[in-house]
Amino acid sequence: MNELAIAYIEYLENLKSIKLPKMPKFKISAYTDNEYLSVIDALMLDFDKVEDLEITETFIKGDYGS
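Residues numbered from 1 in each chain as written. Predicted model: local features only at pLDDT ≥ 70, side-chain atom pairs only at ≥ 80, totals over all residues. Heavy atoms only, no water.

What about the environment of Leu12?
Then comes step 1: Locating Leu12 in the fold gives a position in helix α1 (residues 2-13).
Then comes step 2: The exposure class of Leu12 is partly exposed, given its relative accessible area of 36%.
Then comes step 3: Residues Leu12 and Thr56, spaced 44 residues apart in sequence, show a C-alpha to C-alpha distance of 9.0 Å. (Helix = DSSP H or I, 4+ residues; strand = E, 2+ residues; numbered from the N terminus. Buried < 20%, exposed > 50% of the residue type's maximum accessible area, 1.4 Å probe, protein only.)

Some words on a negative patch on the surface
Then comes step 1: Where like charges cluster on the molecular surface, the negative patch consists of Glu51, Asp52, Glu54 and Glu57.
Then comes step 2: Structurally, Glu54 can be placed in helix α3 (residues 52-61).
Then comes step 3: Residue classification places Glu54 among the partly exposed residues on the basis of a relative accessible area of 47%. (Patch = residues over 30% accessible without salt bridge, like charges linked within 9 Å, V, L, I, M, F, W, Y side chains within 5 Å. Areas by Shrake-Rupley, 256 points an atom, 1.4 Å probe, with all protein chains shown as cover. Salt bridge = Lys/Arg side-chain N within 4 Å of Asp/Glu carboxyl O. Lys, Arg positive; Asp, Glu negative; His and termini not counted. Charge placed at Lys NZ, Arg CZ, Asp CG, Glu CD.)

Quick look at the packing of α1 against α3
Then comes step 1: Put simply, α1 and α3 touch, their axes get as near as 11 Å, and they point 120° apart. In terms of their interaxial angle, α1 and α3 are classed as oblique. As for the relative orientation of α1 and α3, their crossing is right-handed in sense. Contact residues: Leu4, Ala7, Tyr8, Tyr11 and Leu12 in α1; Ile55, Thr56, Thr58 and Phe59 in α3.
Then comes step 2: When the residues that make up the contact of α1 with α3 are grouped by side-chain class, the tally is seven nonpolar, two polar and no charged. (Axes fitted to C-alpha atoms, helices over the stretch in contact; angles between N-to-C directions. Parallel < 35°, antiparallel > 145°, perpendicular 65-115°, else oblique. Left-handed = near helix turned anticlockwise from the far one by under 90°. Contact = heavy atoms within 4.5 Å. Nonpolar A, V, L, I, M, F, W, Y, C, P; charged D, E, K, R; others polar.)

Overview of the confidence of the model for the protein
Then comes step 1: Per-residue confidence for the protein gives a mean pLDDT of 80, with 92% of residues at or over 70.
Then comes step 2: Across the protein, the secondary-structure element scoring lowest on mean pLDDT is α3, at 79, and the one scoring highest is helix α2 (residues 33-46), at 87. (pLDDT = per-residue confidence, 0-100.)

Comments concerning the layout of surface pockets
Rolled over the atoms, a probe with the dimensions of a water molecule shows which regions are left empty.
Then comes step 1: Here the largest pocket defines a volume of roughly 300 Å³.
Then comes step 2: Every residue lining the largest pocket is counted, eleven residues in all, and those nearest its centre are Leu15, Lys16, Ile18, Val50 and Ile55.
Then comes step 3: Secondary structure elements with two or more residues in the lining of the largest pocket: α1 and α3.
Then comes step 4: Broken down by element, the lining of the largest pocket gets its largest block of residues, three residues, from α3.
Then comes step 5: Each residue belonging to the lining of the largest pocket can be placed in one class, and the counts come to seven nonpolar, two polar and two charged. (1 Å grid on protein atoms, 1.4 Å probe; cavity = no way out; pocket = protein on both sides within 12 Å on 5 of 7 lines; lining within 4 Å. Points joined across faces, edges and corners; volume = space filled by probe spheres on them.)

Encoded structure:
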């Protein structure tokens, strides 16, 4: 089972990756809880369409690499 987990991690590492820019430092106390929740909700909506289940199924079926 560990071999499968390691192989899956390697598979995910080889997918198209995005290099994130360096984030600026900001004062955390400058924002309210509602602002944080609003941003988290917006991020969740941005990634709502990501098909992570499809990536997993593709790996398990062995269809990767083509």
